[in-house]
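These are the residues of each chain, in order.
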Amino acid sequence: MSKLFTPVHLAVPEGPGLTLRNRTVLAPMCQYSVTTLDGVPHAWHLAHLGARAAGGFGLVFTEAAAITAQGRISDQDAGIWNDAQGRAWSPIVDFIHSQGAAAGIQLAHAGGKASTYAWLPQQVAEHKIGSISATDGGWETLGPAETEIFGLTSPWSMTLEQIAASVQDWADAALRADAAGFDVAQIHAAHGYLVHQFLSPLTNTRTDAYGGSFENRTRYAREVITAVRAAWPAHKPLAIRFSGDDWVEGGWRIADTVRFAAEAFELGVSAFDLSSAGIGKYHGPSGPGFQVPLAAAVKQAVPDAFVTAVGMINDPSQAEQVLVTGSADGVSIGRAALKNPNWPAVAASELGASRDDIPFAAQYWRAHW
Ligand SMILES: Cc1cc2nc3c(=O)[nH]c(=O)nc-3n(C[C@H](O)[C@H](O)[C@H](O)COP(=O)(O)O)c2cc1C
């Protein structure tokens, strides 16, 4: 039996925890599909996430679901900032469950990287890239400081009142996610979005209690984790996605992530996904499994957590290797799963699983697995 298709247990503060049928995780991926601009997920999200649950993933993450309208990356993002959105996620979660997968939601606030055009072929063809213009409905954004990222319109520096309100927004979103039936809530602390903007000295130039020292720069993230953990039921695992490294001298580095992961674990985070970058020009490595060392470093720091690696893990034997070397406990699959929603079922078959152990949907049993 391959390690990739061995069930895994995620610890929780109270209760038995959550067991995933295997260690394949669908990475959160924006769909930019809410053309009604109200953040309400719909048939596309059901079809997209449902197909990947049927395709065998152990844990299926939604796209970055905005915790406030202002925190959307694009105006076509799905959200979880109101009850109508929460109710719309519920049947999607039910379908994911019906296929034997667990359902995770990525809670997200884009901060100073909000209000950008949807990253879709038509927008790109029309050169609608970067900040949405005021005439196209762009909105003001918030961040730890007025630092511009990637030439986007600068955010407003958050007041202490706005920081406190924002922490509450994360908790409120977690309550809605629980009501919708999600099993795992993941705090998006990666890719240059709001939480990462507070963590990184590249974007956080505050001089108050939320900026400067490591302790101050991690304060917002600690408050978010604490508030979400209090709102999110103790019997459900709380996850976080980090940019493990900015890949920039003087930025947020892997040593910072390792140190903060240990603190996050103490605060009740039991699942960690290790991506990287998102602020400034990319200076990092590339190629298959380029971010695996980040996961391996965090795995050492929090051995009792469920740590996943992500980034160009396309090949089943490569994924298996990540696990058998102890670098991570699971793998998150992104683009390879856009190409093939049945990535896990195919991988299980390629790794030699017996027909009974291949996680295909019953309706597809006559395929040659
Ligand atoms: C279409 C698309 C949308 C994405 N949206 C998100 C997102 O909402 N949240 C996030 O954390 N990462 C997002 N990512 C990054 C992926 O989760 C993943 O980390 C990245 O694609 C690298 O993994 P891969 O090589 O397996 O694709 C997105 C990637 C793609 C291709």
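Residues numbered from 1 in each chain as written. Predicted model: local features only at pLDDT ≥ 70, side-chain atom pairs only at ≥ 80, totals over all residues. Heavy atoms only, no water.

Visitor: Could you clarify how one ought to interpret the sheet that holds strand β3 (residues 24–26) in this entry?
Guide: Within a sheet, neighbouring strands are paired by backbone hydrogen bonds and run either parallel or antiparallel to one another. The strand order around the closed barrel formed by eight strands is β3-β4-β5-β8-β9-β10-β11-β12, and the pairing between neighbours is parallel. Across the sheet, the mean angle from the axis of one strand to that of its neighbour is 25°, orientation sign disregarded. Where strand β4 (residues 59–66) lies against strand β5 (residues 102–108), six bridges are found, and the strand directions are parallel. Looking at the pairing, Val60 lines up with Ala103 of β5. Together, β3 and β4 form the strand contacts of helix α1 (residues 43–54), whose direction differs from that of β4 by roughly 155°. Packing against the sheet, helix α9 (residues 292–301) makes contact with β10 (269–275) and β11 (306–310), and its axis sits at approximately 170° to β11. (Pairing = 2+ DSSP bridges. Helix = DSSP H or I, 4+ residues; strand = E, 2+ residues; numbered from the N terminus. Axes fitted to C-alpha atoms, helices over the stretch in contact; angles between N-to-C directions. Contact = heavy atoms within 4.5 Å.)

Visitor: For this particular structure, what's the right way to read helix α2 (residues 83–98)?
Guide: Think of an α-helix as turning once every 3.6 residues; residues three or four places apart then point the same way. With 16 residues, α2 extends 23 Å from end C-alpha to end C-alpha; this agrees with the ideal 22 Å at 1.5 Å per step. If you check which residues of α2 are buried, you get Gln85, Gly86, Ala88, Trp89, Ile92, Val93 and Ile96. Put simply, Asn82 is the residue that caps the front of α2, since its side-chain oxygen is 3.2 Å from the backbone nitrogen of Ala84. Remark: Gly100 follows α2 within two positions and exhibits a positive phi of approximately 90°. (Expected span 1.5 Å × (residues − 1). Buried < 20%, exposed > 50% of the residue type's maximum accessible area, 1.4 Å probe, protein only. Polar contact = N/O pair within 3.5 Å; in protein donor to acceptor, adjacent residues only side chain to side chain.)

Visitor: Looking at this structure, I do not really get the pairing of β10. What am I missing?
Guide: Burial within β10 is extensive, with seven of its seven residues counted as buried. Sheet topology note: the strand β9 (residues 238–243)/β10 ladder contains six bridges and is parallel. Residue pairing in the sheet places Ala239 in a bridge with Ala271 of β10.

Visitor: Looking at this structure, I do not really get empty space enclosed by the protein. What am I missing?
Guide: One way to see where empty space is left: roll a probe the size of a water molecule over the atoms. What the rule picks out here adds up to one cavity of 30 Å³ or more. Estimates place the volume of the largest cavity at around 90 Å³. In terms of lining residues, the largest cavity is bounded by 15 residues, among which Leu59, Phe61, Gln186, Asp273 and Thr308 are the most central. Those elements that provide at least two residues to the lining of the largest cavity are β4, β8 (184–189), β9, β10 and β11. Here the lining of the largest cavity takes three residues from β10, the largest share from any one element. (1 Å grid on protein atoms, 1.4 Å probe; cavity = no way out; pocket = protein on both sides within 12 Å on 5 of 7 lines; lining within 4 Å. Points joined across faces, edges and corners; volume = space filled by probe spheres on them.)

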